[in-house]
Amino acid sequence: LDREGMACTGIDNIAEAITLLELNNWDLVAAINGVIPQENGILQSNFSIVAPPPSSSSSSSSPPSSSGSAFCPIIPSSRHIVERQPRMLNFRVEYRQRSIELVLEEGSTVGEIKQILETELGVPVSKMQLKGWKSGDVSDSTVLRSLHLPKNNSLYVLTPDIAPTASTSQNSALQESLNQNFLLVISHREAQRDYSLNFPGSRTIQEVKRNISDLTNIPVRHQQWEGWPASASDDSMTLAVSGISYPCHHLSVCRRSSPANAQEPTEECPDVHMISDSEGDDFEDASEFSVDDSEMFGMGSSTCRKSPMMPENSENEGDALLHFTAEFSTRYGDIHPMFFIGSLEAASQEAFYGKARDRKLLAIYLHNDESVLSNVFCSQMMCADSIVSYLSQNFITWAWDVTKEANKARLLTMCTRHFGSVVAQTIRTYKTDQFPLLLIVMGKRTSNEVLNVIQGNSTVDELMMRLMGAMEIFTAQQQEDIKDEDEREAREMVKREQDEAYRLSLEADRKKREAQEREEAEQVRLEQMRKEQEEEKEAIRLSLEQALPPEPDDEPGEQISKLRIRTPSGEFLERRFLGSCKLQVLFDFVASKGYPFDEFKLLTTFPRRNITQLDPGSTLLEAKLFPQETLFLEAKE
């Protein structure tokens, strides 16, 4: 609250004032109205509106307002505010592979949290150890208000008496990591001094930062760190799961430059915005918050302008997004959604056109520096740990700055090309003070659909609920797409298997046909060879038959030898030969009958003699084949 607001409400504790602003979504008027009774409010007492005294008056009991407020309600001293909206605390409780989100009033006790967890987890309260409290172990009767907790808290449950199952092996490893000691070597750059500190794995990053605050006198919210891994995005994370190196990890810290100190006479005046210290420094160095209200909510004068979030008429969309991301980090810190670097078309491709299981929603963040809501929405909504984590897991986040008309016209052209004219017309209907906008786009089979348009006046809870609502719609559609894709892939697999089986069948038929053709060709070749051999044998036989001398007549006085030859088939060949004939004539005769000399041998019956072994030039008389003889043919072995 500003000085006039604190004077009007009677609140002189800046921590309480900041809490009221947080509860009212940083709406100054709503915060004041929430604690000041109206005519129809809880207290039916009148109050007067008085004008502030002139600045020259010395009788005023209080200095004139620096903001030029025109009125201030005067509360009767005998009256007190009788009701105030209770402060709500958010808890994220981890147990093995489960995560439970709880919201309770700060008037609740630790025991009530355990009773809720008993219902959710099925773990008896007697066997449950609730860890992660920044003040150490607490009893079940401890009231949350007495612990001075931040709005967002991270706890974890241990059940040493309940043995983990096979499915909780990862949890066992986590428990082991929680019991390990990590050595953090932290370099304080300004003091040029190193600190070697041992912390258990169960210690949170926030607790480490608190300890460093005690050593260096740098408040947590003003600490600028280097060396934390990218996975350590939440200060409520324990060292065991933060991704730091074991057993030793090196870090460095320095004081983040404040806007007042960083301003140079020749530079533009930087933007001043509230830093929510939800993880808790109890608002140390509260005097640093004494900035002008208009500066706090991004309504500075025109002479003090921040650098643009995005250059005008940038040729390359990727370069424009790099500039946007760097400027966003400079203004609001490094903890923010991971903005997609590339064109809107590339972001759509990444989100919508992969496999069904890998698809995501597309979140399009539209920034406008002319809107009074921009600073609060960015610092309190877009940089909230829960929002950053949820967007990173489930969305492709693409951003654009529409402060400049040229950039806005370029955006409308891109939206018309990718989503149709309806989306572009929808963006045109929003006024400057309704920005920033967060468009949630879901890809469909034939077109892309804008599920939700979230305006800059939303609270963190409203933003989260609408993101979750969009995720429910997307998840239902995604399950259908996954089912259709699986069925299509199954059909394609069956078709591929059928095609492969058909190809193998054709290949087998081709090989069989080729083998049969080769066999037939071989048979033809062999038959041809057989015919040629037979023809050759027949030609030899005929030539031998023609070369034989004529068979002599059986006339007295001639030495005639009558030979009777039995063939292997049992037939007999009979012929007369002159006793003076050579054995070669006998061999030629046998060959002319189809029994060639090189295949058959000619034998006498008794005594058994092999005639074919005799000299073919000897006569029949010399071979003692006269006057008659019975011979038989036998195939050579």
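A quick note: this is a predicted structure, and the numbers were derived from the prediction, not measured.

Procedures and definitions
- Residues numbered from 1 in each chain as written.
- Predicted model: local features only at pLDDT ≥ 70, side-chain atom pairs only at ≥ 80, totals over all residues.
- Heavy atoms only, no water.
- Helix = DSSP H or I, 4+ residues; strand = E, 2+ residues; numbered from the N terminus.
- Buried < 20%, exposed > 50% of the residue type's maximum accessible area, 1.4 Å probe, protein only.
- Contact = heavy atoms within 4.5 Å.
- Areas by Shrake-Rupley, 256 points an atom, 1.4 Å probe, with all protein chains shown as cover.
- Core = buried A, V, L, I, M, F, W, Y, C linked by side-chain atoms within 4.5 Å.
- Pairing = 2+ DSSP bridges.
- Axes fitted to C-alpha atoms, helices over the stretch in contact; angles between N-to-C directions.
- Nonpolar A, V, L, I, M, F, W, Y, C, P; charged D, E, K, R; others polar.
- Phe/Tyr/Trp six-rings, centres within 6.5 Å; stacked < 30°, edge-to-face > 60°.
- Polar contact = N/O pair within 3.5 Å; in protein donor to acceptor, adjacent residues only side chain to side chain.
- Expected span 1.5 Å × (residues − 1).

**Q** Whenever I open this one, the overall build of the protein chain confuses me. Can you help?
**A** Along the backbone of the protein chain there are 16 helices and 16 strands. Among the 637 residues that make up the protein chain, the fraction classed as buried is 40%. Taking all contacts inside the protein chain whose residues are at least 6 apart in sequence as the whole, residues at least 24 apart take part in 65%. Accessible area for the protein chain stands at about 35700 Å²; split by element, carbon and sulfur atoms hold 49% of it.

**Q** What is the right way to read the nonpolar core from this model?
**A** As a rule of thumb, nonpolar side chains are buried together in soluble globular proteins. Residues Phe328, Leu362, Trp398, Trp400 and Leu467 are the most contacted members of the largest nonpolar core, which totals 58 residues. Those residues in contact with Phe328 that lie beyond four places of it in its chain are Met309, Gly333, His336, Phe339, Tyr365, Cys378, Met382 and Cys383.

**Q** Can you help me understand the sheet that holds strand β5 (residues 181-188) in this one?
**A** Within a sheet, adjacent strands bond to each other through the backbone by hydrogen bonds, running parallel or antiparallel. The four strands lie next to each other as β6-β5-β8-β7, forming an open sheet whose pairing is mixed. Only two strands of the sheet have a single partner each, and these edge strands are β6 (193-200) and β7 (223-226). Each strand of the sheet is rotated relative to its neighbour by a mean of 30°, with strand direction disregarded. In this sheet, β6 lies alongside β5 in antiparallel orientation, the contact comprising eight bridges. Across the sheet, Phe182 pairs through a bridge with Phe199, a residue of β6. Seen against the sheet, helix α6 (residues 205-216) touches β5, β6, β7 and β8 (248-255) and runs at an angle of roughly 145° to β6.

**Q** Just checking my understanding: could you explain the packing of helix α13 (residues 405-419) against helix α14 (residues 421-429) for this structure?
**A** Packing of α13 against α14 leaves a shortest axis separation of 6 Å and a crossing angle of 145°. Across from Leu411, Leu412, Cys415, Thr416 and Phe419 in α13, the residues of α14 making contact are Ser421, Val423, Ala424, Ile427 and Arg428. Of the residues belonging to the contact of α13 with α14, the class tally is seven nonpolar, two polar and one charged.

**Q** What should I look at first to understand the packing of aromatic side chains in this one?
**A** The final tally for this structure, using the stated rule, is 16 aromatic pairs. Ring centres of Phe182 and Tyr246 lie 5.3 Å apart, and the angle between their planes is 75°; this geometry places the pair in the edge-to-face category. Here Phe182, found in strand β5, pairs with Tyr246, found in the loop between β7 and β8; they are 64 residues apart in sequence, far enough to count as distant. A relative accessible area of 3% places Phe182 in the buried class. Here Tyr246 falls in the partly exposed class, since its relative accessible area comes to 48%.

**Q** What is the right way to look at the side chain of Gln223 in this model?
**A** Secondary-structure assignment places Gln223 in strand β7. According to the relative accessible area criterion, Gln223 is buried, its value standing at 3%. A distance of 3.0 Å separates a polar atom in the side chain of Gln223 from the backbone oxygen of Lys209. In terms of polar contacts, Gln223 uses its side chain to reach the backbone carbonyl oxygen of Ile218, at 3.0 Å. When sequence neighbours within four positions are dropped, the list of residues in contact with Gln223 reads Lys209, Ile212, Ser213, Ile218, Val253, Cys254 and Arg256.

**Q** Looking at this structure, I do not really get the sheet that holds strand β1 (residues 88-95). What am I missing?
**A** Taking strand neighbours across the sheet as the criterion, the four strands line up as β2-β1-β4-β3 in an open arrangement whose pairing is mixed. With partners counted over all chains shown, the strands left at the sheet margins are β2 (98-105) and β3 (129-131), one partner each. Each neighbouring strand pair of the sheet contributes to a mean axis angle of 30°, computed without reference to strand direction. Examined bridge by bridge, β3 and strand β4 (residues 152-158) share three bridges and lie antiparallel to one another. Within β4, the position partnered with Gln129 by the bridge is Leu158. Relative to the sheet, helix α4 (residues 110-121) contacts β1, β2, β3 and β4, its axis offset from that of β2 by approximately 140°.

**Q** What am I meant to see in α6 here?
**A** Helical geometry: 3.6 residues make up each α-helical turn, so side chains three or four residues apart lie on a common side. Under the 1.5 Å per step criterion, the end-to-end length of α6 is 16 Å for twelve residues, consistent within 8% with the ideal 16 Å. By the burial criterion, the buried members of α6 are Ile205, Gln206, Glu207, Val208, Lys209, Ile212, Ser213 and Thr216. The elements touched by buried residues of α6 are β5, β6, β7 and β8.

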